[in-house]
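Letter by letter, the chains look like this.
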Amino acid sequence: MSDFADTALAVTARLRGLFPATPLLRNDYLSAKYDADIWLKREDLSPVRSYKIRGAFNAMRKAREADPDQTLFVCASAGNHAQGVAYNCRHFGVRGVIFMPITTPQQKIGKTKTFGGDAVEVRLTGDYFDDTLRTAQQFCAENGGHFLSPFDDDHVIEGQSSVGVEMLDELSLPPDMVILPVGGGGLSSGMKRYFDEMGAGTELVFVEPAGGASLAASLNAGELVTLPKVDSFVDGAAVARIGERTFRILSDVDPANVFAAPEDRICTTILEMLNVEGVVLEPAGALALDVLPDLAERIRGRRVVCVTSGGNFDFERLPEVKERAQRYSGVKKYFILRLPQRPGALRDFLEMLGPGDDIARFEYLKKSARNFGSVLIGIETEHAANFATLFGRLDAAGFAYRDITDDATLSEFLI
């Protein structure tokens, strides 16, 4: 057994003094849906609802062993890492100063304060994370603190590898495939190194948000790449640049095993797990499940473990998640209709709607000096195919309209 594997086992044993192993549960619904043996490693059921508690624990423990007088720990985070650090500050009885962007939702700020209690001070600074990070690092240097990285740290990587230790300990045989979410790479690199060194023979598949696919970009370039733009919707995994240490471990991954999950499709996965299974997942926590349709042929008849990496979902986001899921599924569309300014024109349009069509948005401004007025309409329907019928009726009646559902600029401005 390698030194890393020994370390991973030791970290896992020490974690038992903090919390029990997270459940590894077979999911009958997904197994039947994909004709496979699908298990979920429920990191969303850790004390802080994510795996981040593991890496923070190990990094803090190692820092304390190296310097018992170190009592100040600092981090910059807008979510799960902050909560993991806060929980461990209270556990170790040390002071934590956690910097969060001013735009961080109150739910995340509140949870961080709850986990840390009197041991933690939360400071809000910067509109963007890069500004927050710089302020945190400057404070840390000026006050002699120990900075806790969310992923690009050897001790953090060791801590996250404990997810793999628990997984192999519980299963009688290694799984055929493990699907891992990727953000900065702490979890995926730790588990890859442990599985490789244990000779598990398990196929690893990696999933990134489409708007933050920094691992795929770096693998294709053969070197670390910083993305020029990141979609922050999957806030627990959307990073512009994967870590240097984590990329060294992941640099030999076959790019064909790295998948990108569209943000809107992730919304459908969140709702499916909530409505069907009663499982609450944040966008990053749903990554490993979201890719299952892309892997349907590869996983048939095989044992697959998906790591549900986080459940810190702010329910104030639910309307947005539902909206994006409906649009992705094709059951909700927005379009601009040119409506003749004559009596009965609106009635003519309404009569074209089918029994399963429902008006969710209607905005009309009559222009007295024009023959036509523009109407912004949102329609929800039972089946996506109903829109082909509706648009066919509009065409036959000579109504001019424009579907703006997938027009990002117009949708953002008008909807």
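Provided above is the structure to which this section pertains.
Values in this document were obtained by computation on a predicted structure and should not be read as measured data. (Residues numbered from 1 in each chain as written. Predicted model: local features only at pLDDT ≥ 70, side-chain atom pairs only at ≥ 80, totals over all residues. Heavy atoms only, no water.)

## Quick word on the environment of K192
For step 1, the next point in the chain: In this structure, K192 sits in helix α9 (residues 186-198).
For step 2, the next point in the chain: In this structure, the C-alpha to C-alpha distance between K192 and L250, residues 58 residues apart in sequence, is 7.7 Å.
For step 3, the next point in the chain: Residues in contact with K192, not counting those within four places in the same chain, are L204, F206, I249, L250, D252 and V253. (Helix = DSSP H or I, 4+ residues; strand = E, 2+ residues; numbered from the N terminus. Contact = heavy atoms within 4.5 Å.)

## Some words on the nonpolar core
For step 1, the next point in the chain: Membership of the largest hydrophobic core comes to 35 residues, with the highest contact counts inside it found for I38, I179, L292, I299 and C306.
For step 2, the next point in the chain: By residue number, the principal contributor to this core is helix α12 (residues 263-277), which donates 5 residues.
For step 3, the next point in the chain: Ignoring sequence-local partners within four residues, the contact set of L292 consists of L30, Y34, I38, I179, I299 and C306.
For step 4, the next point in the chain: If you look at the next biggest cluster of nonpolar residues, it comprises 32 residues, including L171, V178, Y194 and I249. (Core = buried A, V, L, I, M, F, W, Y, C linked by side-chain atoms within 4.5 Å. Buried < 20%, exposed > 50% of the residue type's maximum accessible area, 1.4 Å probe, protein only.)

## Observations regarding the environment of R298
For step 1, the next point in the chain: Within the secondary structure, R298 is located in helix α14 (residues 296-299).
For step 2, the next point in the chain: Distance from R298 to M177, taken between C-alpha atoms, is 9.6 Å for residues 121 residues apart in sequence.
For step 3, the next point in the chain: Not counting the four nearest positions on each side in its chain, R298 is found in contact with M177, E203, V205, A256, N257 and F259.
For step 4, the next point in the chain: Polar contacts involving the side chain of R298 include one to the side chain of N257, which spans 3.0 Å. (Polar contact = N/O pair within 3.5 Å; in protein donor to acceptor, adjacent residues only side chain to side chain.)

## Brief notes about the layout of surface pockets
For step 1, the next point in the chain: Empty space within the largest pocket amounts to approximately 1600 Å³.
For step 2, the next point in the chain: Surrounding the largest pocket, 49 residues form its lining, A78, F129, D235, A238 and V239 being those nearest its centre.
For step 3, the next point in the chain: Of all elements in the fold, only α4 (80-92) and α6 (129-143) reach the threshold of two or more residues within the lining of the largest pocket.
For step 4, the next point in the chain: Among the elements that line the lining of the largest pocket, the one with the most residues is α6, at 4 residues.
For step 5, the next point in the chain: For the lining of the largest pocket, the residue count by class is 20 nonpolar, 17 polar and 12 charged.
For step 6, the next point in the chain: The computed volume of the second largest pocket comes to approximately 580 Å³.
For step 7, the next point in the chain: Together, 17 residues line the second largest pocket, and D264, R324, R327, A408 and E412 are the ones closest to its centre.
For step 8, the next point in the chain: For the lining of the second largest pocket, the secondary structure elements donating two or more residues are α15 (318-329) and α18 (408-414).
For step 9, the next point in the chain: Among the residues making up the lining of the second largest pocket, the classes are represented as 4 nonpolar, 3 polar and 10 charged. (1 Å grid on protein atoms, 1.4 Å probe; cavity = no way out; pocket = protein on both sides within 12 Å on 5 of 7 lines; lining within 4 Å. Points joined across faces, edges and corners; volume = space filled by probe spheres on them. Nonpolar A, V, L, I, M, F, W, Y, C, P; charged D, E, K, R; others polar.)

## What about the sheet that holds strand β2 (residues 37-42)?
For step 1, the next point in the chain: Overall, mixed pairing links the 6 strands, which are arranged β1-β2-β10-β7-β8-β9 in an open sheet. Each edge of the open sheet carries a strand with a single partner, namely β1 (24-26) and β9 (258-261). In this sheet, adjacent strand axes meet at a mean angle of 25° when their direction is disregarded.
For step 2, the next point in the chain: Here strand β7 (residues 177-181) pairs with strand β10 (residues 303-308) via 3 bridges, running parallel. The residue of β10 that forms the bridge with V178 is V305. (Pairing = 2+ DSSP bridges. Axes fitted to C-alpha atoms, helices over the stretch in contact; angles between N-to-C directions.)

## Regarding empty space enclosed by the protein
For step 1, the next point in the chain: This model, assessed by the stated rule, comprises 1 cavity of 30 Å³ or more.
For step 2, the next point in the chain: Here the largest cavity is characterised by a volume of approximately 100 Å³.
For step 3, the next point in the chain: Forming the walls of the largest cavity are 15 residues, and the residues nearest its centre are Y51, G236, A237, A284 and S309.
For step 4, the next point in the chain: By residue number, the principal contributor to the lining of the largest cavity is α9, which donates 3 residues.
For step 5, the next point in the chain: Residue classes in the lining of the largest cavity are distributed as 6 nonpolar, 7 polar and 2 charged.

## Description of the pairing of β2
For step 1, the next point in the chain: Judged by how many residues are buried, β2 sits mostly within the fold: 6 of 6 residues are covered.
For step 2, the next point in the chain: Side chains D37, W39 and K41 of β2 all project onto a buried face; the interleaved residues I38, L40 and R42 project onto the opposite face, where all are buried too.
For step 3, the next point in the chain: Bridging between β1 and β2 involves 3 bridges; their strand directions are antiparallel. Bridging across to β2, L24 finds its partner in K41.
For step 4, the next point in the chain: Of the strand pairs in this sheet, β2 and β10 are connected by 6 bridges, and their pairing is parallel. Bridge pairing links R42 to T308 in β10.

## Quick notes on a nonpolar patch on the surface
For step 1, the next point in the chain: Among the surface-exposed residues, L346, L350, I359, F362 and Y364 lie close enough to one another that they form a single nonpolar patch of about 380 Å² accessible area.
For step 2, the next point in the chain: The set of elements that each furnish at least two residues to the nonpolar patch consists of α16 (345-350) and β12 (357-364).
For step 3, the next point in the chain: If you tally residues by element for the nonpolar patch, the top one is β12, at 3 residues. (Patch = residues over 30% accessible without salt bridge, like charges linked within 9 Å, V, L, I, M, F, W, Y side chains within 5 Å. Areas by Shrake-Rupley, 256 points an atom, 1.4 Å probe, with all protein chains shown as cover. Salt bridge = Lys/Arg side-chain N within 4 Å of Asp/Glu carboxyl O.)

Function-wise, these values are silent; they only describe arrangement.
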